[in-house]
Amino acid sequence: MEQIKVTIAGPRGRMGKEAVELVLNTPHFSLISVIDHRGEAELNVPVYKDINECFNVETPDVLIDLTTPEVGYLHTKTALEYGVRPVVGTTGFSSDELNELKELAESKSLGCIIAPNFAIGAVMMMKFAQMAAKYFGDVEIIELHHDQKLDAPSGTAVKTAEMIKEVRETKKQGHPNEKETIPGARGAEMDGMHIHSVRLPGLIAHQQVMFGAEGQTLTIRHDSYNRTSFMSGVKVSVETVMNLDTLVYGLENILE
Ligand code: NAP
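Residues numbered from 1 in each chain as written. Predicted model: local features only at pLDDT ≥ 70, side-chain atom pairs only at ≥ 80, totals over all residues. Heavy atoms only, no water.

Caption draft 1: Seen up close, helix H4 (residues 95-107). Look at H4: 18 Å from first C-alpha to last across 13 residues, which is about the 18 Å you get at 1.5 Å a residue. For H4, the full list of buried residues reads Leu-98, Leu-101, Leu-104 and Ala-105. The arc that holds the buried residues of H4, viewed along the axis, is 125 degrees, so those residues lie on one side. Looking at H4, the residues exposed on the side facing more than 90 degrees away from the buried face are Ser-95, Asp-96, Glu-103 and Ser-107. (Helix = DSSP H or I, 4+ residues; strand = E, 2+ residues; numbered from the N terminus. Expected span 1.5 Å × (residues − 1). Buried < 20%, exposed > 50% of the residue type's maximum accessible area, 1.4 Å probe, protein only. Arc of directions from axis to C-beta.)

Caption draft 2: The environment of Val-45, seen in detail. Residue position: Val-45 is located in the loop between strand E2 (29-35) and strand E3 (47-48). According to the relative accessible area criterion, Val-45 is buried, its value standing at 16%. In sequence terms Val-45 and Glu-180 are 135 residues apart; their C-alpha atoms lie 54 Å from each other. Here Val-45 is in contact with Leu-31, Ile-32, Ser-33 and Val-34, once residues within four sequence places are set aside. (Contact = heavy atoms within 4.5 Å.)

Caption draft 3: Representation of the state of the cysteines in the model. On inspection of all chains with the given rule, the structure shows 0 disulfides. Left unpaired, Cys-54 is separated from the closest cysteine sulfur, that of Cys-112, by 17 Å. By relative accessible area, which is 0% here, Cys-54 ends up buried. (Disulfide = S-S within 2.5 Å.)

Caption draft 4: Inspection of the sheet that holds strand E7 (residues 138-145) at higher detail. The 5 strands lie next to each other as E8-E9-E7-E10-E11, forming an open sheet whose pairing is mixed. Among the strands making up the open sheet, the edge pair consists of strand E8 (188-190) and strand E11 (216-224). When the angles between neighbouring strand axes are averaged without regard to direction, this sheet yields 20 degrees. Judged from the 3 bridges that link them, E8 and strand E9 (residues 193-199) form a sheet pairing that is antiparallel. The residue bridging Glu-189 from the neighbouring strand is His-194, located in E9. (Pairing = 2+ DSSP bridges. Axes fitted to C-alpha atoms, helices over the stretch in contact; angles between N-to-C directions.)

Caption draft 5: Layout of the packing of aromatic side chains. This model, assessed by the stated rule, comprises 3 aromatic pairs. Centre to centre, the rings of Phe-136 and Phe-211 are 5.9 Å apart; their planes meet at 50 degrees, and the pair counts as tilted. With Phe-136 in the loop between helix H5 (120-133) and E7 and Phe-211 in strand E10 (residues 205-213), the pair connects residues that are 75 residues apart, well separated along the chain. (Phe/Tyr/Trp six-rings, centres within 6.5 Å; stacked < 30°, edge-to-face > 60°.)

Caption draft 6: Geometry of the site of the ligand. If you check the shell around the ligand, you find 19 residues, and the closest are Arg-12, Met-15, Arg-38, Thr-91 and Phe-118. Measuring from an oxygen atom of the ligand, one finds a backbone N or O atom of Arg-14 at 2.9 Å. Within the backbone of Met-15, an N or O atom sits 2.8 Å from an oxygen atom of the ligand. Summarising the interface, the protein chains cover 80% of the accessible area of the ligand, which totals 930 Å² for the free molecule. Of the pockets mapped on this structure, the ligand occupies the largest pocket. Classifying every residue of the shell around the ligand by side-chain character gives 7 nonpolar, 8 polar and 4 charged. (Near = heavy atom within 4 Å. Polar contact = N/O pair within 3.5 Å; in protein donor to acceptor, adjacent residues only side chain to side chain. Areas by Shrake-Rupley, 256 points an atom, 1.4 Å probe, with all protein chains shown as cover. 1 Å grid on protein atoms, 1.4 Å probe; cavity = no way out; pocket = protein on both sides within 12 Å on 5 of 7 lines; lining within 4 Å. Sits in = over half its atoms within 2 Å of the grid points. Nonpolar A, V, L, I, M, F, W, Y, C, P; charged D, E, K, R; others polar.)

Caption draft 7: Spotlight on helix H7 (residues 231-241). Within the sequence span of H7, burial applies to Met-231, Gly-233, Val-234, Ser-237, Val-238 and Val-241. The arc that holds the buried residues of H7, viewed along the axis, is 150 degrees, so those residues lie on one side.

Right, here's the structure in full:
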């Protein structure tokens, strides 16, 4: 198999550490450098504080970004400008940012994968929820994450709502005259659906999609109990991005 040279941004983070292990333990991946804004990563590869500094010297095939929304967006853009294919797990990009990155990837004929959830089970949860939404128009999404997460709702919840929106007839849910006596009680709203974000220490990444109809409910739930659960998705993304010439958003779009 062709050797793939990888640079990782955010190597000291919870996801970044797992990605470092994945790349070091995959025979056809080579970790050639990391980008750590504090320069504190302790690894046997060059550590750069800045992405431009890194790409002026290194020529990786793929950048894995697991940082923060603003930095992740800048890293993805810069990587594409340098001809490096990004695999991005960082969440919280706006749709304008995603559109801009897609245009840039296409203008450079470069692959780019942005996946708000790399867990294969979470992708199944989203697909099953989309299937169910054809028959159940009333749905509430409850996403639960650790309390260090910066963005809400989660990228997975937004992506799930978008997938449901593709098949569900637009409908404002709940009583037409319902009033929130405490603002936010009904959660965020997209196309009449509601999204609720729970943040608690002890949680990792969980999501429940609840459908209701006369006399029945259907709950589809996925739980990530550790961050290793995301790494099979990162691995397949690094392999797949080498053969793409556009931006793909969502792991479900590269799985068979
Ligand atoms: P984390 O532990 O906080 O790690 C983030 C890392 O980014 C830290 O090492 C942080 O360094 C670094 N960072 C912060 N500012 C930076 C900058 N200016 N330049 C370079 N690096 C910078 O967070 P995490 O739990 O690993 O999550 C990382 C991202 O992945 C988040 O967006 C999260 O939502 C997302 N995520 C995605 C998936 C998925 O399946 N796609 C799953 C879980 C999480 P410091 O420690 O010095 O601040």
